[in-house]
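What the coordinates show
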Amino acid sequence: MDRTQLLLMGLPLFLFISDLFQLFTPPPQKSTSSDHHYHQPPPVIQQQQPQTLEFSTTTQKSGGIGNTVSIDFCSSCSYRGTAVTMKNMLDSQFPGVHVVLANYPPPLPKRLLGKVVPVFQFGVIGLVMAGEQIFPRLGFAVPPPWFYQLRANRFGTMATTWLLGNFFQSMLQSSGAFEVYVNGELVFSKLKENRFPGEIELKDLVGRRIANSRVVDGLGASSLL
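Residues numbered from 1 in each chain as written. Predicted model: local features only at pLDDT ≥ 70, side-chain atom pairs only at ≥ 80, totals over all residues. Heavy atoms only, no water.

Right, let's get into helix α5 (residues 108–137). Under the 1.5 Å per step criterion, the end-to-end length of α5 is only 35 Å for 30 residues, more than 12% shorter than the ideal 44 Å. Its axis deflected by about 100° at A130, α5 carries its strongest bend there. The complete set of buried residues in α5 reads G114, V117, Q121, V124, I125, V128, G131 and F135. Tucked inside the fold, the buried residues of α5 contact α6 (145–152) and α7 (154–173). Following α5 by one or two positions, G139 has its phi on the positive side, about 105°. (Helix = DSSP H or I, 4+ residues; strand = E, 2+ residues; numbered from the N terminus. Expected span 1.5 Å × (residues − 1). Bend = angle between axes of the 7 residues up to and from the residue. Buried < 20%, exposed > 50% of the residue type's maximum accessible area, 1.4 Å probe, protein only. Contact = heavy atoms within 4.5 Å.)

Here is the structure:
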């Protein structure tokens, strides 16, 4: 019974192994024949693709060389992210254009007041901390009543002075500007439009200005000749 069981178990295993061997032996022969057919076209495709890419890049790069785009923005207004986004867009749309980012300063009166605010902050804090010694030197025998009111809550007074001073200083340093210049000529002004330019709008404005500069340069060169 043991031998018969071994035979009964061995025959199916032998047939199964032979089927597996027949299934897996043909594919290597077919793959070798197919490899000979598919090895020839790829070199032709790899030789043609770099040529098309080179021609496309050279035609694009010839459009923006020699032009400068300046984006002057308010750095204290958190406009840097928008300026960087516009710069990346212009770099991709006009290869060869030199895009410069710079801070647009506020007017002179605001800048002067912005320098006065820190002096006021430290003056109030110093007055609260050492007012009893400062007022006699200024000619006051007794400090004024408002000094004692500030002195009663010195930590609250100092914190309020510091926070309000920083708030006013940030307001004085902000210009709210986002000005775009192409070769020194203003093409978009947030101070005039009271809005940011769209990416498509800015691309069209810059493209028109670059095209106009090419026409002017061409006319100047032809007149010299």
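The rest of the description comes next.
Looking now at the nonpolar core. If you look at the biggest cluster of nonpolar residues, it comprises 19 residues, and the most contacted ones within it are V69, I71, L90, F178, V180, L202 and V206. Of all the secondary-structure elements, those providing two or more residues to this core are β1 (68–73), α4 (80–93), β3 (178–182) and α9 (199–224). Sorting elements by how many residues they give to this core places α4 first, with four residues. V69 has contacts with L90, V97, H98, V99, V100, V180, Y181, V182 and V206, leaving out every residue within four places of it along the chain. (Core = buried A, V, L, I, M, F, W, Y, C linked by side-chain atoms within 4.5 Å.)

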